[in-house]
Amino acid sequence: MKSGIPIYDICTITDVKDDEIIISRFSEYSESYKHLHLPHKHNFYHVVFFTEGRGNHTIDFEKFDVKSNQIYFMVPGQVHSWNFEGTAEGYIINFSASFYQSFLLRPDYLEQFFFFGGNAKESVIDVPKEIQQQITDVFECILAEAKSNSKMKMDIIRTFLLQIFLRIAQLGRENTLYTSENNYNYTLLNNFKKLIELNYNKLKLPKEYAALLYITPNHLNALCQDILGISAGELIRNRIILEAKRLLINMDLSISEIAYRLNFSDNSYFTKFFKKHVDITPEEFRKKN
C-alpha cells in the first residue's frame, strides 16, 4: 500500500459512478466516512457549516478551531483533515466541478467568490448572529429537497446553494480585496492568480507573469502591494511553498523528486528555498507533519 496522501472524488466516496453531489447532516457523514478525518485531498468542492462541535480542522496546513456557526469552503486539490472532540453537528455538501457547468453560462462563476479562492485563511468564516438562522434554514431546505422526488430537484438545490454563496459573499464586501473600485485591477489580479496556478512549477519570476499579462513587472508588483499587501514575488513563492508542503506529506516521494517536480535545479537549492521561507528544512517539515 502506498503511503501517499489519498485523493478522493465523489464517485470513490459514494460508489455511484455518476454522482455529482453529496448532501448530509454532518454527524452522519462523519460517522460513515471516518477515514476522511485523516489528511486527504478532494477532487470536488466541499462546504461545511458547523452548528455545534469542538476540536480543530486543517486546510492546507492552516489549523482552525471548530466553532458553532462556522462555515468553510474548499476547492479541489486542497489538503484537509479533522480532529474532533466528541461529535460535531451541522451540514456538509460536496459537489463536483461540473455540478454548475451545465446550469450557468460562465464555467468560472464560482471563482468570483473570495472563499473559493483556495486561500485557507479566507475560506473559514464565522457566520454573524443576524444571518445564522437564515443559513441554517437554507441548508435544511437543501436536505429536504435532496430527499424529494422532484424532477427539478437538482436545479432547486443549485439555486439554494447559490443563495448561501451569495449571502456569505456579502460578508466580504468590507474586504478591500473584493471591493476595489477599480474592477480592471481586480480582474488583472485574478488573471495573475490563475496564471500562477497553471505555471508555478515552471515560472517563478514576476517578470515572466507580467509578460503574459502584457504589463510591466513594476505594475504587477504595485497591483499586488495595493490590493494584497504583498509583492508579486511573494504571491508566487507562497504557491510554490504550498505545493511543496502538499508533496512533502507524500512519503513515496523523495526530497529530490519533489525538487524535480517543482523545477528546482537541485535538491540543495530547493532545501535552501524552503528553509528560508518556512524556517525549517523539508525533512523537518515532513517529520513534523
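Structure's up top.
Small disclaimer: the values here were computed from a predicted structure and weren't measured. Per chain, residues are indexed from 1 in the order of the written sequence. The predicted nature of this model means local features are confined to residues of pLDDT at least 70 and side-chain atom pairs, given and counted, to a pLDDT of 80 or more, with totals for whole chains, interfaces and linings taken over all residues. Think of the side-chain values as coming from all heavy atoms in the structure, minus any hydrogens and water.

Being paired, for any two strands, means DSSP has found at least two bridges between them. Numbering of helices and strands runs from the N terminus, with a helix taken as a DSSP run of H or I at least four residues long and a strand as a DSSP run of E at least two residues long. With respect to topology, five strands assemble into an open sheet ordered β1-β3-β8-β5-β6, the strand pairing being mixed. A strand with exactly one partner marks an edge of an open sheet, and here the two such strands are β1 (7-8) and β6 (62-65). Where β1 meets strand β3 (residues 40-42), two bridges bridge the pair, whose relative direction is parallel. Within β3, the residue paired with Ile7 across the bridge is Lys41.

This next bit is on the sheet that holds strand β2 (residues 21-25). The antiparallel open sheet is built from five strands, whose spatial order is β2-β9-β4-β7-β10. Strand pairing shows two members of the sheet lacking a second neighbour, β2 and β10 (124-126), which therefore form its edges. Across this sheet, the average inter-strand angle for adjacent strands is 10 degrees, counted without regard to direction. By the bridge criterion, five bridges tie β2 to strand β9 (residues 89-95) in an arrangement that is antiparallel. Its bridge partner being in β9, Ile23 is matched across the sheet by Ile93. Residue contacts follow a heavy-atom distance rule, with two residues in contact if any of their heavy atoms lie within 4.5 Å. Structural elements are reduced to axes, namely lines fitted to C-alpha atoms, with helices fitted over the stretch in contact, and the angle between N-to-C directions of any two is expressed from 0 to 180 degrees. Sheet strands touched by helix α5 (residues 153-171): β2, β4 (45-52), β7 (70-74), β9 and β10. Its angle to β7, the strand with the most contacts, is close to 110 degrees.

The next point concerns the pattern of salt bridges. Any two side chains of opposite charge can pair if their charged atoms end up close together. What counts as a salt bridge is simple: a side-chain nitrogen of Lys or Arg found within 4 Å of a carboxyl oxygen of Asp or Glu. All chains considered together, the criterion is met by eleven salt bridges. Here Glu31 and Lys34 are joined by a salt bridge, their closest N and O atoms 3.3 Å apart. When salt bridges with common partners are traced through the structure, they connect Asp60, Glu197, Arg239, Glu243 and Arg246 into a single cluster.

In this section: the layout of surface pockets. For each structure, a 1 Å grid was placed over the protein atoms alone; sets of points admitting a 1.4 Å probe that cannot get out are labelled cavities, open sets with protein on both sides within 12 Å along at least five of seven lines are labelled pockets, and lining residues have an atom within 4 Å of a point. Grid points are joined across faces, edges and corners, and a volume is the space filled by probe spheres set on the points. One number sums up the size of the largest pocket: a volume of about 1,400 Å³. Taken together, 41 residues line the largest pocket, and the ones lying closest to its centre are Gly117, Gly118, Asn119, Arg239 and Leu242. If you tally residues by element for the lining of the largest pocket, the top one is helix α9 (residues 232-248), at nine residues. Lys, Arg, Asp and Glu make up the charged group, whereas Ala, Val, Leu, Ile, Met, Phe, Trp, Tyr, Cys and Pro make up the nonpolar group; the residues left over, Gly among them, are polar. Looking at the lining of the largest pocket residue by residue, the classes come out as 20 nonpolar, eight polar and 13 charged.

With that out of the way, let us pick up the side chain of Ser231. Mapped onto the elements, Ser231 comes out in the loop between α8 (217-227) and α9. The definition of a polar contact used here is a pair of N or O atoms within 3.5 Å, where within protein one atom must be able to donate a hydrogen and the other to accept one, and adjacent residues in sequence count solely through side-chain atom pairs. One polar contact links the side chain of Ser231 to the main-chain amide nitrogen of Glu234, over a distance of 3.0 Å. Setting aside its immediate chain neighbours within four residues, Ser231 contacts Asn221, Cys224, Gln225 and Arg237.

Here is the rule: rings of Phe, Tyr and Trp (six-membered ring for Trp) pair when centre to centre is within 6.5 Å. Planes less than 30 degrees apart are stacked, more than 60 are edge-to-face, and the remainder are tilted. Here the structure, examined in full by the defined rule, presents 37 aromatic pairs. Residues Phe26 and Phe84 carry aromatic rings whose centres are separated by 5.5 Å and whose planes lie at 80 degrees to one another, so their mutual orientation is edge-to-face. Taken together, the residues Phe26 in helix α2 (residues 26-32) and Phe84 in strand β8 (residues 79-84) connect sequence positions 58 residues apart. According to the relative accessible area criterion, Phe26 is buried, its value standing at 0%. Taking the centre distance of 5.8 Å and the plane angle of 70 degrees together, the rings of Phe274 and Phe285 count as edge-to-face. Here Phe274, found in helix α11 (residues 267-278), pairs with Phe285, found in helix α12 (residues 282-288); they are eleven residues apart in sequence, far enough to count as distant. Each member of the pair, Phe274 as well as Phe285, is classed as buried. Partly exposed describes any residue whose relative accessible area lies between the buried limit of under 20% and the exposed limit of over 50%, with all areas from a 1.4 Å probe on protein chains only and scaled to the type maximum.

Now for the pairing of β4. The buried fraction of β4 amounts to six of the eight residues, a majority that puts the element mostly inside the structure. Of the strand pairs in this sheet, β4 and β9 are connected by seven bridges, and their pairing is antiparallel. Each residue of the ladder has a partner; that of His46, found in β9, is Asn94. Direction of pairing for β4 relative to β7: antiparallel, over a ladder of five bridges.

Our next topic: the packing of helix α4 (residues 129-146) against α5. It is at 9 Å that the axes of α4 and α5 come closest, and there the two elements cross at 165 degrees. Compared by their axis directions, α4 and α5 come out roughly antiparallel. Note that α4 runs across α5; the crossing there is left-handed. Touching Ile131, Gln134, Ile135, Val138, Phe139, Cys141, Ile142, Glu145 and Ala146 of α4 are Lys153, Ile156, Ile157, Phe160, Leu161, Gln163, Ile164, Arg167, Ile168 and Leu171, all from α5. Its residues assigned to classes, the contact of α4 with α5 shows 14 nonpolar, two polar and three charged. Between 65 and 115 degrees an angle is taken as roughly perpendicular, under 35 as roughly parallel, over 145 as roughly antiparallel, and anywhere else as oblique. Here a crossing is called left-handed whenever its near helix is offset anticlockwise from the far helix by less than a right angle, and right-handed whenever the offset is clockwise.

Here we take up the environment of Glu197. With respect to the helices and strands, Glu197 occurs in helix α6 (residues 183-199). On a C-alpha basis, the gap between Glu197 and Pro128 in space is 32 Å, while along the polypeptide they are 69 residues apart.

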